[in-house]
Amino acid sequence: MTVVKFDHKFSDAWTTFFRFNKGKGLLVFPFDFNGIATQGRNIVNRPNVGVSLGNTVLLNAHTTLDLRLGYARGKEDNAPWSSGFNLSSLGFPSQYVGLVQQQAFPTIGVSGFTGLANSPLIGDVGHTYGLQANVSHQRGKHVVKVGTDIRLLYGNFFRNTNPSGTFSYSNAWSNGPSALTPAGNTGFPMASFLMGLGSGSLDNNTGVSIINKYYGLFLQDDYRINSKLTLNIGLRYEFETPRTERYDRATRGFDRSATSPLKVPGLNLLGGLVYAGTSGVDRGIYNPDKNNFAPRVGIAYTLMPKTVVRAGYALHYIPVVGSVDPVGYSTTTSVVTSIDGFTPKDRLSNPFPSGLAASTGNSQGLATLVGNNISFVDPTDVTPLLHTWNINIQREVFSKSLLQVGYVGSHGVHITSDPQTGISENINQVPSQFLSMGSALLESVPNPFAGIIRAGQLSGATVQRQQLLRPFPQYLNITRNLPTFGSTVYHSLQTKFEQRLWHGLTTIVSHTFAKNIGDIGPYQNYYNRHAERAVTSFDVPHRLTVTTSWDMPIGKGRKYMGNASKAMDLMLGQWNMSTFSTFQSGFPLSFGVNTNTLFLTGAGGQRPNVIGDPKAGISGSITDRLGAYFNTAAFAQPANFTFGNVGARTPWLRNPGMNNLNLTLTKQFVITERLKVNLRASSFNLLNHPVFSGPNTTFGALGQFGRISAQANLSRQTEAVLKVIF
């Protein structure tokens, strides 16, 4: 990293600065074993450059102007570790090799076994131009601030998360007693892999070039009403222009009511993709959201000497980044393992004998990619927002000490993503009321699209009956990306005690007791999202942190050996010891099944049934429970054509929590007035406590269900750093 900064003072009322920075980040991710196909192994380069110019001008005794201009450029350059790998050496035909966008070891996952590869090909370049200006004016009891934040964002993005394809294998094609009546706990995933029968897909992607503009305005008044009461009132307005794609390669929603150009006797087909910038359609992928006013209010009141009450409320908007969907220009072709669900068709040895779905761009309009999986962003989605509020009491207990107890809450509206899993909606799920048809859903019936759709699963002579029961039967899955229909609620009691410089010791102890609830996926039934409301995947009921910093009372000018010689002080004096400890509850668990017996096309992942107490008979430390973290007998495979009754996440059963202590010793050796040496020795996870990964929660996973098989943290690590300052 190179940083150059120049400061200049033109006068007592005008100062300026110029800063230039340039760097290059190189990330090499950890891997489980050495080899060309190590899971997740890749190399990431992140070169970046930035320029900033700032001016601060004192307009008069009460008014200050601050003006800043900036430019930043960054690139995400990611290549799989196996780039250039010869796919023919694995036995793939030359026809398949010619379809991939870059040769690399394919991503392969077999249930119960360590996966192979899974590294993306990424070339993302972003440019940001910014202008920030604000004026601060003090008059009487008021300090008024007004300002603006304007940004111009350009992006050129190309991504292919699995450039040589991704393939996964479960026991679905090796279970029994027959393909018509498979049992969830039979079969062997490796047998399915050896037969080459599973699921898979290959992407053929096109880069996109996007632009959007951001405008922010704010006004704030800090009003000191009297010596006890201060009021902060503010209003912010934000507007982000809908993103546009330079060459109009982006979709602008899926028109559910449009008459399909596909004419099939006996079917009244509706729906199709709409493209931005075509046929009079707006170039922006969203409708403009111009109502983003964000008020803020805060109050601080001195209740009595040494006691202050503070409260506040704010509304925040959360801009959605990315989301440009070049469907038709970028295509995903799925392996057609079977047409009827029972008879094998394409295998791993030649997964795409008919080639890939054609990249037709927007030339086919509403008929784009019929017969395939498609995705879109709904242009009516609005900007996600978050209401936050808090009230707390601060009290000075002892000299230089502070005790704070408070309530903090929030409510998210139009939330679009869980930070860990993300959310999407399949609008082409077969309606759940048809589950009453049972096995009739799986029956093969004459395909009305035969001869009309010429590639993929809808090109054969027959289809499953349930395909024709989809809302839009001419498509497979229709995924609405980043839908803004989620909501979250957060409540917490937060306590903090802080003691500063007591005999050289500073301590901060913080505890949070909280609950976070939301309906932000993953969904089992897209038509009943309310049933998915549960604690969020990042819900943590208890979190305790203890931070200490102790200037040891030994050495020149300190309590002990205060008159020590320079040699003794260099050796024994001026040491500082600091610790940081974290104790935290585990995250809630999410369950699934190894074999889906829901048989409802387009639905989310099926979950098991709870038929007993998952905690029954389970005791002892986590180390004692690695082979059976919970009572696996309390779960069962749902009956065919039924949803499981386990919630999206379980507050009553969680991952192992955290118990971690870090220790750091530091000392500065003053050799001469100009020469100093700084020594720092740190030990992370000092007590070598393991934090275990979550247990396997896939019911029917052979010998793995309920078992913990990995450690989430690193064992004790110690480092020493010596820095010379001259």
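For clarity, every value in this text was computed on a predicted model and none was experimentally measured.

A. Focus on the confidence of the model for the protein. Here the protein averages 90 in pLDDT, while 97% of its residues score no lower than 70. Confidence, expressed as mean pLDDT per element, reaches its minimum in the protein at helix α3 (residues 566–572) with 71 and its maximum at strand β19 (residues 385–395) with 97.

B. Expanded view of the pairing of strand β28 (residues 542–551). For strand β26 (residues 505–518) and β28, the ladder comprises nine bridges, and the chain directions are antiparallel. Looking across to β28, one finds that Ile508 is bridged to Thr547. Relative to strand β29 (residues 575–584), β28 is paired through nine bridges, and the arrangement is antiparallel. Residue pairing across strands places Thr547 opposite Phe580, the latter belonging to β29.

C. Representation of the nonpolar core in the model. The biggest cluster of nonpolar side chains holds 23 residues, and the ones touching the most others in it are Phe254, Leu262, Leu273, Ile374, Tyr475 and Ile478. Listed by contribution, the elements that provide at least two residues to this core are β14 (270–275) and β18 (374–376). Within the second largest apolar cluster, 18 residues are counted, among which are Ala37, Phe105, Ala117 and Phe167.

D. Quick peek at the environment of Gln584. Tracing the backbone through its elements, the reader meets Gln584 in strand β29. In this structure Gln584 comes out as buried when scored by relative accessible area, which is 15%. A sequence separation of 76 residues divides Gln584 from Asn660, and the C-alpha atoms of the two residues are 9.1 Å apart. When sequence neighbours within four positions are dropped, the list of residues in contact with Gln584 reads Val540, His542, Arg543, Gly657 and Met658. Within polar-contact distance, the side chain of Gln584 engages the side chain of Arg543 at 2.3 Å.

E. Examining the pattern of salt bridges more closely. Overall, the coordinates contain 19 salt bridges when judged by the stated rule. Between Arg151 and Asp149 there is a salt bridge, with its nearest N and O atoms 2.7 Å apart. The class of Arg151 is partly exposed, set by a relative accessible area of 37%. What makes Asp149 buried here is its relative accessible area of 10%.

Cut-off values and rules
- Residues numbered from 1 in each chain as written.
- Predicted model: local features only at pLDDT ≥ 70, side-chain atom pairs only at ≥ 80, totals over all residues.
- Heavy atoms only, no water.
- pLDDT = per-residue confidence, 0-100.
- Helix = DSSP H or I, 4+ residues; strand = E, 2+ residues; numbered from the N terminus.
- Pairing = 2+ DSSP bridges.
- Core = buried A, V, L, I, M, F, W, Y, C linked by side-chain atoms within 4.5 Å.
- Buried < 20%, exposed > 50% of the residue type's maximum accessible area, 1.4 Å probe, protein only.
- Contact = heavy atoms within 4.5 Å.
- Polar contact = N/O pair within 3.5 Å; in protein donor to acceptor, adjacent residues only side chain to side chain.
- Salt bridge = Lys/Arg side-chain N within 4 Å of Asp/Glu carboxyl O.

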